[in-house]
Amino acid sequence: VTALLGACVLGLLFVLLQGREWFTLLTHGVTMQSSRLGAFFYLLIVVLNRILTPIIRTVWRKIARESTLFERDVLPTPVRLLILALATRWFLSALPLPLLVRQFWSNLAGLLTIAGVVWLLVLLNGEVEQFVRRRFPTDSQAAAASLVRLLRRVADILVVFVGFLVLLRFFGVD
């Protein structure tokens, strides 16, 4: 219980610190309108999402009829973060940038990758929970649902904690 509480506190601290960093960036005027490159990537990801959503939604409905994974967008926000991280890595290798700028964007791409993967795994946990809940008979569904929900939350906490450990390792904290 103590380890679980510690993981929750560290996860909450991480989220609060990252929120503060994003707030600081926004207050300094870093937005999609302030950078042509940022606006281009945003536009590219939105267009890609608009093109792929009807195609993948149709295929996904044939495979998993009761899933709600691609109801709104085929590229959920964590996938967009991963695309942005990949594009950042590609631009770092293609453009001659000073070392400090290269380090900043490289660290940001790593942070986006870790956050995107963790977020995607949490969404996948939700899909697994829905899949398992549908497999239970209706007479014992209430008891099974509470147990499955508890297991999902434990898995979510574990995923976030492992993501936090990977983040610490990425930034060189042993």
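Residues numbered from 1 in each chain as written. Predicted model: local features only at pLDDT ≥ 70, side-chain atom pairs only at ≥ 80, totals over all residues. Heavy atoms only, no water.

Draft legend 1. Spatial organisation of the overall build of the chain. Helices and strands together make up the secondary structure of the chain, namely five helices and zero strands. The helix and strand sequence of the chain, counted from the amino end, reads α-α-α-α-α. Residues classed as buried in the chain amount to 22% of the 174 residues present. Restricting to contacts in the chain with at least 6 residues of sequence separation, those with at least 24 account for 65%. On the chain, roughly 12400 Å² of surface is accessible, and the fraction owed to carbon and sulfur atoms is 72%. (Helix = DSSP H or I, 4+ residues; strand = E, 2+ residues; numbered from the N terminus. Buried < 20%, exposed > 50% of the residue type's maximum accessible area, 1.4 Å probe, protein only. Contact = heavy atoms within 4.5 Å. Areas by Shrake-Rupley, 256 points an atom, 1.4 Å probe, with all protein chains shown as cover.)

Draft legend 2. How the structure looks around the packing of helix α4 (residues 99-135) against helix α5 (residues 141-170). Where α4 contacts α5, the axes come no closer than 9 Å and their chain directions differ by 165°. Comparing the axis directions of α4 and α5 gives the class roughly antiparallel. Every pair of crossing elements has a handedness; the one defined by α4 and α5 is right-handed. By residue class, the composition of the contact of α4 with α5 is 14 nonpolar, seven polar and five charged. (Axes fitted to C-alpha atoms, helices over the stretch in contact; angles between N-to-C directions. Parallel < 35°, antiparallel > 145°, perpendicular 65-115°, else oblique. Left-handed = near helix turned anticlockwise from the far one by under 90°. Nonpolar A, V, L, I, M, F, W, Y, C, P; charged D, E, K, R; others polar.)

Draft legend 3. Structural detail: the pattern of salt bridges. Counted under the stated rule, the structure contains five salt bridges. Residue Glu129 is joined to Arg133 by a salt bridge in which the shortest nitrogen-to-oxygen separation is 3.6 Å. With Glu129 and Arg133 both in helix α4 and four residues apart, the pair spans about one turn of that helix. Exposure remark for Glu129: the relative accessible area of 3% places this residue in the buried category. Where Arg152 meets Glu129, a salt bridge forms, and the shortest distance between an N and an O atom there is 3.0 Å. Separated by 23 residues along the polypeptide, Arg152 in helix α5 and Glu129 in helix α4 bring together distant segments of the chain. (Salt bridge = Lys/Arg side-chain N within 4 Å of Asp/Glu carboxyl O.)

Draft legend 4. Structural view of the nonpolar core. If you look at the biggest cluster of nonpolar residues, it comprises five residues: Leu111, Ile114, Val118, Val159 and Leu167. The set of elements that each furnish at least two residues to this core consists of α4 and α5. Looking at this core element by element, the count peaks at three residues for α4. (Core = buried A, V, L, I, M, F, W, Y, C linked by side-chain atoms within 4.5 Å.)

Draft legend 5. Highlighting the environment of Ala85. The topology assignment puts Ala85 in helix α3 (residues 77-94). The exposure class of Ala85 is buried, given its relative accessible area of 2%. With residues near it in sequence (within four places) discarded, Ala85 still touches Ala109, Leu112 and Thr113.

Draft legend 6. The side chain of Arg152, seen in detail. A relative accessible area of 17% means that Arg152 is categorised as buried. The residues touching Arg152, leaving out its near neighbours within four places in the chain, are Val122, Asn125, Gly126 and Glu129.

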